[in-house]
Amino acid sequence: MSAASPVASSRRHDFVLAFAAVLMVLAVNAAMGFPSLGGTEDNDSLLRLVEVRDWLSGQNWFDLHQYRMGPDGGFVMHWSRLVDAPLAAIILAVSALTGSMAIAETTARIIWPTLMFGLTVFFTLRAARRFGGDSAVLPALITCATALYFLGIYDPGALDHHNIQLTLTMASVSFLLAAPQQRAAAASAGICAALTLAIGMETAPYVGVIGLCVAGLFLFGDNGERFVARDYGLGFAGTSTLAFILTVAPSEWAYAQCDAFSTFQFVLAGLAGVGLAAIACADPVHRTRARRLAALVLLGAGLAVVALIWFPECLAAPYAALDPRLRTLWLDHVSEAQSLFMLIADRDPSLLARYATPMVALAVMALRLRRGAWRRQDSVVGTLLAAAFVVSVWQVRGSTFSIVFAVIPLSGWIGKWRERAETTPTPAASLKMIAVWLVSLNTTWAGTAAAATQAIENGQKTAGASEASACDTAVDFAALAGLPDTTVLATSNFGAPILAYSGHRALAGPYHRNIAGNLLVLDTFTSSTDEARRVIESHHIGIVALCPGSGENRLLVDAAPDGFLAQLTRGTVPAWLEPVAGARGKPLELYRVKQGG
């Protein structure tokens, strides 16, 4: 029997388990009627669908303008066509078979996140097996599948890039744990790391830490880590080059974009990958640790010099140049952009769901370090988990990665306690194993947080008070879709639904590059009625849409109690507006601008 047989057998086993998890999730969603497909909570997924439609309708591959959002001419999105391509392929294939674009889009909205769910579970199982052995596989399946299910980024309809980025990152970790024993594993880790970076800059911290792990293993590890560093560096640099050529127009090669894959990211990725491979291949360098350290320090210094001299604008904070009005009335209220300290100050119960299992996993890793049971796998997993937790302290969105990274050490921990309970079947051992299971399941903490949140909300409701609709279903936009296409004045959270569910234009959308459109809407809604009329006429706005039940509407009303939006919300309709008959009594209120009124 060949040496590769056990690996192939375990791979098949993990694939079957991941496939079973996919079938279970599909069955649950189907039984509930795929409820997430009719909502508009995820603006990014809806705009991604619009972006794919635009490309299929003839928009150039390199043209990422969103022409139907913002002022005249639109603005350039910072997303990658690398996500649009597979979505478009699914839509084209299904539409060719069924003859219906609607069926094709619905199929893509189900298949894509489900596929990402299955692949993430599979790579997490592979990583857990390599970290904790066979006993960690079942705990990894349960803890990972349940955590992913409640994260939301794998729900049917989730077309945003966050799910594929997490999938590729887990793949990179899994491959890195498999190296140097498995051929091509290191190169595969580099390829996945480069792809997730090319898709979006949110994963730059994790890609950077994976690269540092490879360099650290090369510095302190045995001779086999030399080849891991070489293959990883070549895979990372080569894929970065290919992604740059495929996704960046030649006319843009001389320009740096700090928030999207461009010359800045390509140059640093190429230099880092090629430099690491060159160091690993140089015989005089790898002979002593001092020489390896000196070479790596020189490489890091060279990268820093390149960044400081040629791309200093990209070293500032991501939102340093954001207009203060957008920061106050938009960014400060984006939940995923909040910090841990803000959640603590607000006494937000969701911090349990976001931070509990990563903290437990960090404690488990700290105990392993204290006991001296530290291995190559611990260095990789522990460093990534710590880095993801630090990112999540800065912004909540980082917890998506730290929760899944935590599955790896926690599954190994659960596996050990299961073995102890089987070896010593006493009530005390069983109770300890149950306790370990409970604290390791993110659903335990998520359920506690949900119950606490519900209790708080119930306590804040006044007797007899009714909840206004937040306009969060596709049906709410049906009346708008039936009107002749025009430019719609609405708050930013309704920009993507307006584009997805109708042929209208929207001025605002929750995207940091749409500064002009978002400021225009904020200023119009918070200004006087007379000033709002001048803006509406000058920008040829035909419809004003508002949703009194939305949080954004309430925020702007509180910010400007006498402003145009506040007056309209209270029912004070100026003479130059008229209610749209088909929208009367609907959650989304529509007002037509009278021509010459």
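### Thoughts on the overall build of the chain
Working step 1: Along the chain, the regular secondary structure elements total 25 helices and seven strands.
Working step 2: Expected size for 597 residues packed as a compact globule is a radius of gyration near 25 Å; at 26 Å, the chain falls within 12% of this value.
Working step 3: Across its three principal axes, the chain shows a C-alpha extent of roughly 80 × 65 × 50 Å.
Working step 4: Looking at the chain as a whole, 50% of its 597 residues qualify as buried.
Working step 5: Sequence-distant contacts in the chain: of pairs separated by 6 or more residues, those separated by 24 or more amount to 70%.
Working step 6: As displayed, the chain has an accessible area near 26300 Å², and 64% of this comes from carbon and sulfur atoms.
Working step 7: Taking the average location of the 42 positive side-chain charges in the chain and that of its 43 negative ones, the two points are 11 Å from each other.

### Regarding the nonpolar core
What tends to happen in soluble globular proteins is that the nonpolar side chains get buried as a cluster.
Working step 1: One finds Phe117, Leu148 and Phe405 to be the most contacted residues of the largest nonpolar core, which totals 100 residues.
Working step 2: Here this core takes twelve residues from helix α4 (residues 101-132), the largest share from any one element.
Working step 3: Setting aside residues no more than four positions away along its own chain, phenylalanine 405 makes contact with Thr169, Met170, Val173, Tyr206, Val381, Leu384, Leu385 and Ala388.

### A few points about the pattern of salt bridges
Working step 1: Following the criterion strictly, the structure yields 16 salt bridges and no others.
Working step 2: Across the pair arginine 126 and aspartate 14 runs a salt bridge, and its minimum N-O distance is 2.7 Å. Taken together, the residues span a long stretch of sequence, with arginine 126 in helix α4 and aspartate 14 in helix α1 (residues 5-31) at a distance of 112 residues. Summarising the burial analysis for this pair, arginine 126 and aspartate 14 share the class buried.

### Some remarks on unusual backbone geometry
Residues other than glycine predominantly adopt negative phi, and peptide bonds predominantly adopt the trans conformation.
Working step 1: With an omega of 5 degrees, the peptide bond between alanine 179 and proline 180 qualifies as cis.
Working step 2: Mapped onto the fold, proline 180 is located in the loop between α6 (162-178) and α7 (185-199).
Working step 3: Even without a glycine there, the phi angle at histidine 540 is positive, about 55 degrees.
Working step 4: Residue position: histidine 540 is located in the loop between α23 (529-538) and β5 (541-546).

### So, the packing of aromatic side chains
Any aromatic ring pair is given by two values, namely how distant the centres are and how the planes are angled relative to each other.
Working step 1: Within this structure, the stated rule accounts for 20 aromatic pairs.
Working step 2: Aromatic side chains phenylalanine 122 and phenylalanine 123 sit 5.3 Å apart centroid to centroid with 65 degrees between the ring planes, which places their arrangement in the edge-to-face category.
Working step 3: With a relative accessible area of 13%, phenylalanine 122 lands in the buried category.
Working step 4: Aromatic ring contacts, followed pair by pair, group Phe15, Phe19, Phe122, Phe123 and Phe175 into a single cluster.
Working step 5: In this structure, arginine 292 is placed above the aromatic ring of phenylalanine 218, and the distance from its NZ or CZ to the ring centre is 5.8 Å.

### Focus on the side chain of threonine 357
Working step 1: With respect to the helices and strands, threonine 357 occurs in helix α15 (residues 350-371).
Working step 2: Overall, the relative accessible area of 2% leaves threonine 357 in the buried class.
Working step 3: Apart from the residues within four sequence positions on either side, threonine 357 is in contact with Ile403, Ala406, Leu410, Val439, Ser440, Leu441, Asn442 and Trp445.

### With respect to the state of the cysteines
Covalent bonding between the sulfur atoms of two cysteines is what defines a disulfide.
Working step 1: Taken as a whole and assessed by the stated rule, the structure comprises two disulfides.
Working step 2: Residue cysteine 471 pairs covalently with cysteine 547 via a disulfide, S to S 2.0 Å. When the S-S torsion is 100 degrees, as for the bridge of cysteine 471 with cysteine 547, the disulfide is right-handed. Of the two residues, cysteine 471 is situated in the loop between α19 (442-460) and α20 (478-481) and cysteine 547 in the loop between β5 and α24 (551-559); the sequence distance between them amounts to 76 residues. As far as burial versus exposure is concerned, cysteine 471 and cysteine 547 are alike and both buried.
Working step 3: Of note for the chain: the bonded cysteines, numbered N- to C-terminal, pair according to 1-2, 3-4.
Working step 4: Of all cysteine sulfurs, the one in cysteine 192 lies closest to cysteine 213, which takes part in no disulfide; the gap is 16 Å.

### So, the packing of α1 against α4
Working step 1: Where α1 meets α4, the axes come as close as 9 Å, and the angle between the chain directions of the two elements is 140 degrees. By the criterion of interaxial angle, the relationship of α1 to α4 is oblique. Helix-helix and strand crossings are classified by hand; for α1 and α4 the assignment is right-handed. Contacts between α1 and α4 involve Val7, Ser10, Arg11, His13, Asp14, Phe15, Leu17, Ala18, Ala21, Val22, Val25 and Leu26 on the former and, on the latter, Ile110, Thr114, Phe117, Gly118, Val121, Phe122, Leu125, Arg126 and Arg129.
Working step 2: Of the residues belonging to the contact of α1 with α4, the class tally is 13 nonpolar, four polar and four charged.

### Points about the environment of isoleucine 191
Working step 1: Considering the arrangement of structural elements, one finds isoleucine 191 in helix α7.
Working step 2: A sequence separation of 280 residues divides isoleucine 191 from cysteine 471, and the C-alpha atoms of the two residues are 41 Å apart.
Working step 3: When residues no more than four places from it in sequence are discounted, the contact partners of isoleucine 191 are Gly235, Phe236 and Thr239.

### Considerations on empty space enclosed by the protein
Working step 1: Across all of its chains, the model carries five cavities of 30 Å³ or more by this definition.
Working step 2: Of the volumes computed, that of the largest cavity is approximately 60 Å³.
Working step 3: Among the elements of the structure, α13 (324-329) and α22 (515-526) are those that each provide at least two residues to the lining of the largest cavity.
Working step 4: For the lining of the largest cavity, the element with the highest residue contribution is α22, accounting for three residues.
Working step 5: Tallied by class, residues from the lining of the largest cavity come to six nonpolar, two polar and one charged.

### Details of the environment of aspartate 523
Working step 1: Secondary-structure assignment places aspartate 523 in helix α22.
Working step 2: Using a relative accessible area of 32% as the deciding quantity, one classes aspartate 523 as partly exposed.
Working step 3: Sequence separation between aspartate 523 and arginine 325 is 198 residues; the distance between their C-alpha atoms is 9.2 Å.

### What to know about a positive patch on the surface
Working step 1: Together, Arg370, Arg371, Lys416, Arg420 and Lys432 make up a region of like positive charge exposed at the surface.
Working step 2: Among the secondary structure elements, those contributing two or more residues to the positive patch are α15 and α17 (399-423).
Working step 3: Mapping lysine 432 onto the fold places it in helix α18 (residues 427-440).
Working step 4: A residue is classified by how much of its surface remains accessible, and lysine 432, at 47% relative accessible area, is partly exposed.

Definitions and limits used
Residues numbered from 1 in each chain as written. Predicted model: local features only at pLDDT ≥ 70, side-chain atom pairs only at ≥ 80, totals over all residues. Heavy atoms only, no water. Helix = DSSP H or I, 4+ residues; strand = E, 2+ residues; numbered from the N terminus. Rg over C-alpha atoms; globule rule 2.2 N^0.38 Å. Buried < 20%, exposed > 50% of the residue type's maximum accessible area, 1.4 Å probe, protein only. Contact = heavy atoms within 4.5 Å. Areas by Shrake-Rupley, 256 points an atom, 1.4 Å probe, with all protein chains shown as cover. Lys, Arg positive; Asp, Glu negative; His and termini not counted. Charge placed at Lys NZ, Arg CZ, Asp CG, Glu CD. Core = buried A, V, L, I, M, F, W, Y, C linked by side-chain atoms within 4.5 Å. Salt bridge = Lys/Arg side-chain N within 4 Å of Asp/Glu carboxyl O. Phe/Tyr/Trp six-rings, centres within 6.5 Å; stacked < 30°, edge-to-face > 60°. Lys NZ or Arg CZ within 6 Å of the ring centre and 35° of its normal. Disulfide = S-S within 2.5 Å. Axes fitted to C-alpha atoms, helices over the stretch in contact; angles between N-to-C directions. Parallel < 35°, antiparallel > 145°, perpendicular 65-115°, else oblique. Left-handed = near helix turned anticlockwise from the far one by under 90°. Nonpolar A, V, L, I, M, F, W, Y, C, P; charged D, E, K, R; others polar. 1 Å grid on protein atoms, 1.4 Å probe; cavity = no way out; pocket = protein on both sides within 12 Å on 5 of 7 lines; lining within 4 Å. Points joined across faces, edges and corners; volume = space filled by probe spheres on them. Patch = residues over 30% accessible without salt bridge, like charges linked within 9 Å, V, L, I, M, F, W, Y side chains within 5 Å.

The quantities given are spatial measurements derived from coordinates; they are silent on function.
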